[in-house]
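Given next are the chains, with one letter for each unit.
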Amino acid sequence: AALRAELEREGLPPVVGVAHLAGIARGAMLAGLDVELLREVAEPKVAGAWNLHRVFGDASLFLLVSALPAVFGPVGVGAANYAAANAFLDALAHHRRGLDTDAVALGYGPWNGIGLAVREGGLDQLSRLGVGSMAPAEALDVFGRVLARRPAQVTVARLDWPEVFTAVPSARATGQFAAFLDEFGGTGGSPQLLERCAQAGPQEQREIVGDYLTERLAAVLQTGAGDIDPQVPVVEMGLDSLMALELRVRVKADLGVVVPMVRLLEGPSVEQLTDHVLGLLTEVLAALDGDEEREEITL
Ligand SMILES: NC(=O)c1ccc[n+]([C@@H]2O[C@H](COP(=O)([O-])OP(=O)(O)OC[C@H]3O[C@@H](n4cnc5c(N)ncnc54)[C@H](OP(=O)(O)O)[C@@H]3O)[C@@H](O)[C@H]2O)c1
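Rules of the game
- Residues numbered from 1 in each chain as written.
- Predicted model: local features only at pLDDT ≥ 70, side-chain atom pairs only at ≥ 80, totals over all residues.
- Heavy atoms only, no water.
- Domains from an automatic or database assignment.
- Contact = heavy atoms within 4.5 Å.
- Buried area = accessible area lost by both parts, 1.4 Å probe.
- Salt bridge = Lys/Arg side-chain N within 4 Å of Asp/Glu carboxyl O.
- Polar contact = N/O pair within 3.5 Å; in protein donor to acceptor, adjacent residues only side chain to side chain.
- Helix = DSSP H or I, 4+ residues; strand = E, 2+ residues; numbered from the N terminus.
- Nonpolar A, V, L, I, M, F, W, Y, C, P; charged D, E, K, R; others polar.
- Phe/Tyr/Trp six-rings, centres within 6.5 Å; stacked < 30°, edge-to-face > 60°.
- Buried < 20%, exposed > 50% of the residue type's maximum accessible area, 1.4 Å probe, protein only.

### Here's the deal with the domain arrangement of the protein chain
Where interface size is quoted, it is often the accessible area lost as the parts come together.
Then, number 1: With domains assigned, the protein chain is organised as domain 1 (7-184) and domain 2 (191-289).
Then, number 2: Centre-to-centre, using C-alpha coordinates, domain 1 lies 35 Å away from domain 2.
Then, number 3: Each partner contributes to the interface: domain 1 provides 11 residues, whereas domain 2 provides 10 residues.
Then, number 4: Summing both sides of the interface, domain 1 and domain 2 together bury roughly 900 Å²; the carbon and sulfur share of this comes to 55%.
Then, number 5: Area buried by domain 1 at its contact with domain 2 is led by Met 29, Arg 128 and Thr 166, which between them contribute 52% of it.
Then, number 6: On the surface where domain 1 and domain 2 come into contact, there are two salt bridges.
Then, number 7: For Arg 128, the salt bridge identified is with Glu 246, shortest N-O distance 3.2 Å.
Then, number 8: Our enumeration of links across domain 1 and domain 2 arrives at three residue pairs in polar contact (both at pLDDT 80 or more).
Then, number 9: Sorting the residues of the side of domain 1 that touches domain 2 by element identifies helix H6 (123-128) and helix H8 (161-167) as the ones contributing at least two each.
Then, number 10: The residue makeup of the side of domain 1 that touches domain 2, split by class, is four nonpolar, four polar and three charged.

### Quick look at the packing of aromatic side chains
Then, number 1: With the rule as written, the count across this model stands at seven aromatic pairs.
Then, number 2: Judged by centre distance (6.2 Å) and plane angle (75°), the ring pair of Phe 72 and Trp 161 falls under edge-to-face. Taken together, the residues Phe 72 in helix H3 (residues 69-72) and Trp 161 in helix H8 connect sequence positions 89 residues apart. The same class applies to Phe 72 as to Trp 161, namely buried.
Then, number 3: Ring geometry for Tyr 108 against Trp 111: centres 5.2 Å apart, planes inclined by 85°, an arrangement best described as edge-to-face.
Then, number 4: Since its relative accessible area comes to 7%, Tyr 108 is described here as buried.
Then, number 5: Put simply, the rings of Phe 72, Trp 161, Phe 165, Phe 177 and Phe 180 touch in pairs and so form one group of aromatic residues.

### A look at the pattern of salt bridges
For side chains of opposite charge, pairing can occur when their charged atoms come near one another.
Then, number 1: Tallied over the entire structure, the rule returns 13 salt bridges.
Then, number 2: Taking the shortest distance from any N to any O, the salt bridge between Asp 141 and Arg 145 comes out at 3.2 Å. Taken as a pair, Asp 141 and Arg 145 lie in helix H7 (residues 136-149) at a separation of four residues, close to a single helical turn.
Then, number 3: On the accessibility criterion, Asp 141 (42% relative accessible area) is partly exposed.
Then, number 4: In the salt-bridge network here, residues are joined through shared partners; they are Glu 163, Arg 216, Arg 250 and Asp 254.

### Some thoughts on the environment of Val 142
Then, number 1: Examined against the element boundaries, Val 142 turns out to sit in helix H7.
Then, number 2: In sequence terms Val 142 and Val 156 are 14 residues apart; their C-alpha atoms lie 7.8 Å from each other.
Then, number 3: Each residue touching Val 142, except ones within four places of it in the same chain, is listed here: Tyr 108 and Val 156.

### Things to note about the environment of Arg 172
Then, number 1: Within the secondary structure, Arg 172 is located in helix H9 (residues 169-173).
Then, number 2: Residue classification places Arg 172 among the partly exposed positions, given a relative accessible area of 28%.
Then, number 3: C-alpha separation for the pair Arg 172 and Gly 185, spaced 13 residues apart in sequence, amounts to 7.7 Å.

Below is the structure:
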């Protein structure tokens, strides 16, 4: 407000364009949030953008730089507070359009090379969940194109949709991505893996599931399968709660079984986890068997 008054006092031209980019990405999962963490991340986005809206309500360009979690919910790093703060920016853009004032909410997926996503780390983990990153030059090219078209809200990200639908089940549930879901959603689960389990005897099934869990765990821990000791508790090998979440999502997508988070965080070894998954898998395979029989009868 002081800046605006000063410009007027000095006879300078008015501010006609405002771009809001202030932000902090101190991510936390919902269960780990406290008021301070919520406030810290909300302040620059919610209070900051609202103050600019109040002072520069009449700006003929009002750009709000938002982020992918606003439309997906927290992905990978579990930034529930960051998702909420950015969702506010998207909502503000629509609010301003409703008031017949300009607004563009441009929600980016992660940039690589520079910026807060690089500093926060986690780009590798995101890419394993199907969320790729954009080079600054590419993202700036988009910036120009979005400003030329002026949509109220647009999200621009480099995504591998089949991976995203597997890793972020909430993306399946929202109607926003229906068109992508039709094209890239698949049926969930890995038919080949389940088929192999269905054909195998008990001992072979144990080997398939054991090898699968070893490979998945190694990917999540960013190590080689050879480094996984099947008798050492996964927590001792470095599995934290975010990694456990990632592992759980993959196992659900690939085998159709849901391993409770508490079970993972109790720190079972791969051998114990294999027993647990095999127990759950029995039901999935029985259902699969039932489906096949029904199909044969229909034919
Ligand atoms: N980089 C990405 O991959 C990415 C992807 C999607 C969306 N975004 C969004 O794009 C915007 C810019 O990202 P960036 O990568 O350029 O981040 P950045 O390098 O961390 O810059 C953020 C800026 O916000 C300022 N800021 C933070 N809190 C503030 C506050 N309370 N009041 C005033 N200024 C404050 C910081 O100022 P100080 O340095 O003085 O603290 C910093 O200049 C952010 O809103 C971010 O959410 C970024």
